Amino acid sequence: MTQSQVRGQVRVERLDRIRGIPVAGVLERYPLAVPFEALTVAPVSQGLLNRGLRLTAPDGGGWFLKQYLDDAGHASGSAIAAQHRAIAALREHGLPTAPPLAARDGRTFVLVRGRRYALFPWVEGAHRTGRSLDHAQCAALGTLLGRIHRTLAELHPPVEQPAAVPSANPDDTWRTIDDLLERSRRHDPQQPFDALARHRLRERRELLAAYRHRRPGPAAAPPTGWVHGDFHPLNLLYRGTEPVAVLDWDRLGLKPRTEEAVRAATLFFHHPETGVLDLPRLRHYARAYREASDSSPEQVAAGVHRVWWERLNDFWMLRWRYQRRDERADPLFPAAAAQTVWWCEEYEQVLDACVN
């Protein structure tokens, strides 16, 4: 977490609830060496899900207090405990993670006023985009994710492969496009974003009609395994050129492994305005990932095809805006929508960078 993420420091004793978090009630569950009345607190501003606070001690040390908000199966007590065990085990295997502290009762999370919380050591570092990495660092990034996948496989029992992993249904997507178009027309007040959304929705409908015959079959998925689930630049901290902490393991779970590798590449190596992928950097990353994860070019190719198809059918950012009335994801949409169009045009080039 970087200093730029922190806004509006306050003393703990002045506010019991900061951003909805009962700070004092949570901290009294932990055997901290510093009286919590002596801490300063600052909200961590980055991130779309969950809430977090930075707690700073007088000597400069500190912690990250996380409130779990996503209740869709990822924030249950058993799910959080499994995430924390994985983080600790990965740390023991030499991977850069920051396991949470144990509370007075020995558990790594606490339940206060109906919400679950965990206290992590604060890790100094900065986020880096893939385009800021040189080729050797791109390879190191691929190696890191490959090692995470292999180590998670070693830590968990063997995974029984599913008989089928369905891909997005274009008929459902077509109905979603119609719904979002109508909602965008009714949005009040109208903004330039709404015109862009309608343009991209109509464009996507044309692309879907042109490519629907390329829908991946349910038996064509790459092997399923344990994955981080949300590997992108805001969940990886660097200190200089070295990764020092992989953060936010809320989405830890079983999914096609090479899909995560490809999805991460689209988030690390895209241009922030055009969405175009930096293919030379992607090639170094993908080659290192294949070696570290022991994934074959065919498995990575299957991941490329499925991620491309899912992106062609995905409108989660517009769903947030128009169905949930939550505009936090709006800034991500222009580049993501442009990337989908570019990827359809340059499909073979992206595939080649990932498998050769």
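As a reminder, the structure under discussion sits directly above these lines.
Since this is a predicted model, take the numbers as computed values, not measurements.

(A) Local environment of the pairing of strand S4 (residues 40–43). Taking every second residue as pointing to the same face, both faces of S4 are buried, with Thr-40 and Ala-42 on one and Val-41 and Pro-43 on the other. Relative to strand S5 (residues 51–56), S4 is paired through four bridges, and the arrangement is antiparallel. By the bridge assignment, Ala-42 is partnered in S5 with Arg-54.

(B) Spatial organisation of the nonpolar core. By size, the foremost hydrophobic cluster in this structure holds 59 residues, and its most contacted members are Leu-141, Phe-231, Leu-282, Tyr-285 and Trp-343. The contact partners of Tyr-285, leaving out residues within four places of it in the chain, are Cys-138, Ala-139, Leu-141, Gly-142, Leu-145, Ala-261, Ala-264, Ala-265 and Phe-269. If you look at the next biggest cluster of nonpolar residues, it comprises 18 residues, including Leu-27, Tyr-30, Leu-32 and Trp-63.

(C) Spotlight on unusual backbone geometry. Of the consecutive residues Asp-188 and Pro-189, the connecting peptide bond is found in the cis state with omega at 5 degrees. Position of Pro-189 relative to the elements: it lies in the loop between helix H4 (170–186) and helix H5 (192–211). Positive phi values are uncommon outside glycine, yet Asp-248 reaches one of about 55 degrees. Positionally, Asp-248 belongs in the loop between strand S11 (242–246) and strand S12 (253–256). For Asp-248, a relative accessible area of 25% gives the class partly exposed.

(D) Layout of the environment of Val-304. Structurally, the position occupied by Val-304 is in helix H8 (residues 297–312). Take Val-304: its relative accessible area is 0%, and that puts it in the buried class. Considering only alpha carbons, one finds Val-304 and Val-355, 51 residues apart in sequence, at a separation of 9.3 Å. When residues no more than four places from it in sequence are discounted, the contact partners of Val-304 are Val-262, Trp-343, Leu-351 and Cys-354.

(E) Just empty space enclosed by the protein, in detail. With the rule as written, the count across this model stands at two cavities of 30 Å³ or more. If you add up the space inside the largest cavity, you get close to 50 Å³. What lines the largest cavity is Thr-258, Ala-261, Val-262, Ala-265, Leu-282, Tyr-285, Ala-286, Tyr-289, Val-300 and Cys-354. Counting residues per element, the ones that place at least two in the lining of the largest cavity are helix H6 (257–268) and helix H7 (279–293).

(F) Fine view of the pattern of salt bridges. Scanning all chains against the criterion turns up 19 salt bridges. Of the charged contacts in the structure, one is a salt bridge between Lys-66 and Asp-248, with a shortest N-O distance of 3.3 Å. Pair noted here: Lys-66 is in strand S6 (residues 62–68) and Asp-248 is in the loop between S11 and S12, with a separation of 182 residues, a long-range link. In this structure Lys-66 comes out as buried when scored by relative accessible area, which is 6%.

(G) Representation of the layout of surface pockets in the model. One number sums up the size of the second largest pocket: a volume of about 210 Å³. Arg-183, Arg-186, His-187, Asp-188, Arg-321, Tyr-322, Arg-325 and Glu-327 are the residues that line the second largest pocket. For the lining of the second largest pocket, the secondary-structure elements that each account for two or more residues are H4 and helix H9 (316–322).

The rules we used
- Residues numbered from 1 in each chain as written.
- Predicted model: local features only at pLDDT ≥ 70, side-chain atom pairs only at ≥ 80, totals over all residues.
- Heavy atoms only, no water.
- Buried < 20%, exposed > 50% of the residue type's maximum accessible area, 1.4 Å probe, protein only.
- Helix = DSSP H or I, 4+ residues; strand = E, 2+ residues; numbered from the N terminus.
- Pairing = 2+ DSSP bridges.
- Core = buried A, V, L, I, M, F, W, Y, C linked by side-chain atoms within 4.5 Å.
- Contact = heavy atoms within 4.5 Å.
- 1 Å grid on protein atoms, 1.4 Å probe; cavity = no way out; pocket = protein on both sides within 12 Å on 5 of 7 lines; lining within 4 Å.
- Points joined across faces, edges and corners; volume = space filled by probe spheres on them.
- Salt bridge = Lys/Arg side-chain N within 4 Å of Asp/Glu carboxyl O.

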